[in-house]
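What follows is each chain in one-letter form.
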Amino acid sequence: MSLFRKFLYFGSTLWLLAGCGFEPLYGSKGQSVQVDAALNEISIKPIKGRSGQQLYNHLLDQLNPRGVPAHPRYVLVVAASVGKITLGIKRDETATRARLSLSANFKLHGSSNNAVVFSGTSISTNSFNIVDSEFVTLSSEKDAIDRAARVVSENIKIRLALYLNRIGHAQR
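The following paragraphs examine the structure supplied in this document. Per-chain numbering applies: the sequence of each chain, read as written, is numbered from 1 onward. At least 70 in pLDDT is required for a residue's local features to be given in this predicted model, at least 80 for side-chain atom pairs to be given and counted, and no such filter applies to totals for whole chains, interfaces and linings, which use all residues. No hydrogens and no water enter the side-chain calculation; it runs on all heavy atoms of the structure.

**Structural notes on the sheet that holds strand β1 (residues 42–44)**
(1) Moving on: Here a strand pair is declared whenever DSSP counts at least two bridges between the two strands. In this description a helix means any DSSP run of H or I spanning at least four residues, a strand means any run of E spanning at least two, and both kinds are numbered starting from the N terminus. Overall, mixed pairing links the four strands, which are arranged β1-β2-β3-β4 in an open sheet. A strand with exactly one partner marks an edge of an open sheet, and here the two such strands are β1 and β4 (116–129). Direction aside, the axes of adjacent strands within the sheet are offset by 25° on average.
(2) Moving on: Relative to β4, strand β3 (residues 95–110) is paired through 13 bridges, and the arrangement is antiparallel. Pairing of asparagine 105 across the sheet is with threonine 121, part of β4.
(3) Moving on: Pairs of residues are marked as contacts when any of their non-hydrogen atoms sit within 4.5 Å. A fitted line through C-alpha atoms represents every axis, and for helices the fit uses only the stretch in contact; the resulting angles, taken between N-to-C directions, go from 0 to 180 degrees. Helix-sheet contacts for helix α3 (residues 50–63) involve β1, β2 (74–89) and β3, and the interaxial angle to β2 is about 130°.

**As for a nonpolar patch on the surface**
(1) Moving on: A cluster of nonpolar side chains, Val131, Phe135 and Val136, forms an exposed patch at the surface whose accessible area comes to about 300 Å².
(2) Moving on: By the element assignment, valine 136 lies in helix α4 (residues 134–171).
(3) Moving on: The exposure class assigned to valine 136 is partly exposed, which follows from its relative accessible area of 38%. Patches here: salt-bridge-free residues with over 30% relative accessible area, like charges joined within 9 Å, nonpolar side chains (Val, Leu, Ile, Met, Phe, Trp, Tyr) joined within 5 Å. Residue burial considers only the protein chains on display, and all accessible areas are found by Shrake-Rupley using a 1.4 Å probe. Throughout this description, the term salt bridge denotes a Lys or Arg side-chain nitrogen within 4 Å of a carboxyl oxygen of Asp or Glu. Using a 1.4 Å probe on the protein chains alone, a residue whose accessible area is under 20% of its type maximum counts as buried, one over 50% counts as exposed, and one in between counts as partly exposed.

**Remarks on the nonpolar core**
(1) Moving on: Residues grouped as a nonpolar core are buried Ala, Val, Leu, Ile, Met, Phe, Trp, Tyr and Cys residues, joined through side-chain atoms within 4.5 Å. One finds Ile42, Leu59, Leu76 and Leu160 to be the most contacted residues of the largest nonpolar core, which totals 27 residues.
(2) Moving on: Secondary-structure elements contributing two or more residues to this core are α2 (29–39), β1, α3, β2, β3 and α4.
(3) Moving on: The leading source of residues in this core is α4, at nine residues.
(4) Moving on: For leucine 59, the residues in contact, after removing those within four places along its chain, are Ile44, Ile47, Asn64, Leu76, Val78, Ser153 and Ile156.
(5) Moving on: In this structure, Ala98, Leu100, Phe128 and Ile145 belong to the second largest nonpolar core, which totals five residues.

Interpretation note: all reported values are geometric properties and have no functional meaning in isolation.
Following this line, the structure appears as structure tokens:
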């Protein structure tokens, strides 16, 4: 593709995005700081189960990298569950692969009135091998849960950032 054609293609794409109201979340330094500050005002309730603990830790890293807020504006409540389906059945009816899904239902409450201001669901699916060694299989399953918790926490952060950015524009 020639340089001129690339310019026309990308230039027309940018005009289309500008016309539809597209606005990048982290478009300017000021917006980035506002969104990060708003995310840092979210307190996260502990999540039940081992997979919930992993999700909780990833959410802390995503939302509160400088520590838990002293006076939170919002409280995030998350309920997580893990499902596992075995796949790749051999002739002797043993599974060789498993698909693991981590599902998290989350609700963002206002800390002053405890009303739900935003809610959603995030799901991540991973797979792992089932081998003869029980230790290796268990280790692979734990790693799959950790990968799923990382993806779910990133998804929740993005969705919360979009929500907080949207209400920030409405309040201006």
